[in-house]
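# Results of the structural survey
Here are the chains, one letter per residue:
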Amino acid sequence: MKTISKLPLLLAAFAFTFTSCESNDEKNEGSSGETGKSKYIVTVSTGATGVADYLLTADDITKGSITTAGNGLEQDGTYRYYLSTQNKFFSFLYGQGNPGAVTTYGLTANGNLTKTSNFQAETVQVFAPVNKDILMVKVPRSGASISYMYKVDAEQSILTGTVSQDTRLLIGNKNPDLAERAHFTWATQVGDKVFMPYMKINGIAPDTFGTRHADSTWVAVYSYPDLKLEKVIKDDRTSYLGAYFTNGLFQDEKGDAYGFSGAIGTANGVVSSTKPSAVVRINKGTTEFDKSYFFNVQEKSGGYKISSTSYISNGKFLLLMYGTPGTNSGAVRLAVADVYNQTFKWVTGMPALLTSATTRYNIATEDGNSAVLGVNTPDGNWIYTINGTSAAATQGMKVEGGQITAIQKLKY
C-alpha cells in the first residue's frame, strides 16, 4: 500500500534465514484449486499498537461489507507485505533489522484459508515469482555493496540457491572510494530470463538514496535459474524504472516488456529528473530498448508523474499518479493507460479524496477487463473495480475495522 508522498524507507526489509515448519495436518488441508472457485483475500491494518494485520476472506467483493471485528486471521506481527504465486498466498513480515517470518497460506477444499508453512528469512527488498520459484533479493543501500539473490521453491517453501552480485560493478565506478551503487527496484520474469531494473544511488548519508544519474534507465538481464548477469540495457529518454520497493517492468501477453518511469530521481530530497515520466518498451526476444517506442505519460496527463503501476491485461495498466503535477508528492490520483495505443484516461467515479490505495497487491478480474484494488478514504474503505477500457470505477465491498493493504485471490 502506498500513500502518495515521499516513500518512507520503512518499507525496506524482511528477514530470511530459511527454516521451515509445516505440520502434517496443514499439508493434508493445503490448497487444491480443483473446484475452480475463487476466494478473495483482503488484508487489513487496524493501525492499533501491538495489533497485527488481519486476513479476511470473501467470495464476492462487488457488494456488501466485511469487518475485522471478531473475524479473520490475525497475523503475527505488523508491517506485512504479500505475494500470491502457485495458488499460495505468502505473507512477509518486516523484521525491523531482525529475522522475520514468511508465512504461507492456502485454501482447503472447503475454501477456508489455512496456514501451510512458516519460515524465517534474511532482509530482502525484492520478491517476485519466477517460474515456480520466488526470487528474493537483499539489496544494500549503504556499507557493503554485495546484493544476495535467493531462490525459493514456492511449492515447498524451501531455499534452492543463492547468488551474489556486487552492485558497484553495475555502476561502472572507477573510483573505489565512492559509495555509489545500483539499487534494484524489482525483478520481472521476461521469457526465460529475469530483468532487474535498478536506480543508481549515492549509498552514503546524508543523501543515501539521492542520485547523480536521474535521467537514465538501466535494466540488468540475468539468466535463470543460474542467475548469471548477461548484460545491462540502458536508455536516456527517461529515468529509472519503478521506484524503491516498486515494480516498474511488466511483460504482456505478447511477450513484450513495458517499463514505467516516474522520473522522480532526487538530489538532497529534491526531484532532479529532467526527463518526462514515461513508458518504454523491450520487444519480445530482445535485450534492448525499442527506440521507436516512447509513451510520454507526463505530457498526456497534463504534467503528472507515475507513482506505481498494476497490469490489467491486453496492454492496459492501472496507474497511481502523484497528485501534484511535476512532483513526487500529493494525494493519489488514478488513471488507466493503454500502452498499445498510447492513450491516457483519468479514472472516474472515485471518491474525491483518497487517503491511500493498494499498489503492488492489486489483481485483475476473471475476464481481464478490469483492475481490482483497495481504496482508503477519510469516509471509509472500499474495494473498487476499474474498467480498463472506460476507466470508470465501480464501488464494491466496504471494509470496516482498518485500512485495506492488499487484495489477492486464490482458487480451491
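Here the structure is shown first, and the text comes after it.
As the structure is a computational prediction, the values presented were derived from the model and not from experiment.

### Observations concerning the sheet that holds strand β12 (residues 146-153)
Adjacent strands of a sheet pair through backbone hydrogen bonds, lying either parallel or antiparallel. In spatial order, the strands read β10-β11-β12-β13; together these four strands make up an open sheet with antiparallel pairing. Looking at which strands have only one partner, the edges of the open sheet turn out to be β10 (126-130) and β13 (158-166). With strand direction ignored, the average angle separating the axes of adjacent strands in the sheet is 20°. Bridge analysis of β12 against β13 gives eight bridges, and the strand direction is antiparallel. Residue pairing across strands places Tyr148 opposite Ser164, the latter belonging to β13.

### Regarding the pattern of salt bridges
If you walk through the whole model with that rule in mind, you get 11 salt bridges. Between Asp236 and Lys234 there is a salt bridge whose closest N-O contact spans 2.6 Å. Taking relative accessible area as the criterion, Lys234 reaches 40% and is therefore assigned partly exposed. Between Lys409 and Glu366 there is a salt bridge, with the nearest N and O atoms lying 3.1 Å from each other. Highlighted residues: Lys409 in strand β33 (residues 403-411) and Glu366 in the loop between β29 (363-364) and β30 (370-377), separated in sequence by 43 residues. Here the salt bridges share partners, and the residues they tie into one network are Asp235, Arg237 and Lys291.

### What to know about the sheet that holds strand β24 (residues 306-313)
As summarised here, the arrangement of the four strands in space is β24-β25-β26-β27, forming an open sheet in which the pairing is antiparallel. A strand with exactly one partner marks an edge of an open sheet, and here the two such strands are β24 and β27 (343-346). Recorded for the sheet is a direction-independent mean angle of 25° between the axes of neighbouring strands. Relative to β27, strand β26 (residues 333-338) runs antiparallel, the two sharing four bridges. Across the sheet, Val336 pairs through a bridge with Lys345, a residue of β27.

### Thoughts on the environment of Ile134
By secondary structure assignment, the location of Ile134 is in strand β11 (residues 133-138). Judged by relative accessible area, which is 2%, Ile134 ranks as buried. As for Ile134 and Asp153, which are separated by 19 residues in sequence, their C-alpha atoms are 6.5 Å apart. Beyond its immediate stretch of four places on either side in the chain, Ile134 contacts Leu83, Thr85, Phe90, Phe127, Ala128, Tyr150, Lys151, Val152 and Ala154.

### With respect to the nonpolar core
Core analysis: the biggest nonpolar cluster contains 56 residues, and Phe127, Phe184 and Tyr222 have the highest contact counts within it. If we skip the residues at most four places from it in the chain, Tyr222 touches Met149, Gln165, Leu170, Phe184, Lys193, Val194, Met196, Leu227, Lys228 and Leu229.

Conventions adopted
- Residues numbered from 1 in each chain as written.
- Predicted model: local features only at pLDDT ≥ 70, side-chain atom pairs only at ≥ 80, totals over all residues.
- Heavy atoms only, no water.
- Pairing = 2+ DSSP bridges.
- Helix = DSSP H or I, 4+ residues; strand = E, 2+ residues; numbered from the N terminus.
- Axes fitted to C-alpha atoms, helices over the stretch in contact; angles between N-to-C directions.
- Salt bridge = Lys/Arg side-chain N within 4 Å of Asp/Glu carboxyl O.
- Buried < 20%, exposed > 50% of the residue type's maximum accessible area, 1.4 Å probe, protein only.
- Contact = heavy atoms within 4.5 Å.
- Core = buried A, V, L, I, M, F, W, Y, C linked by side-chain atoms within 4.5 Å.

The quantities given are spatial measurements derived from coordinates; they are silent on function.
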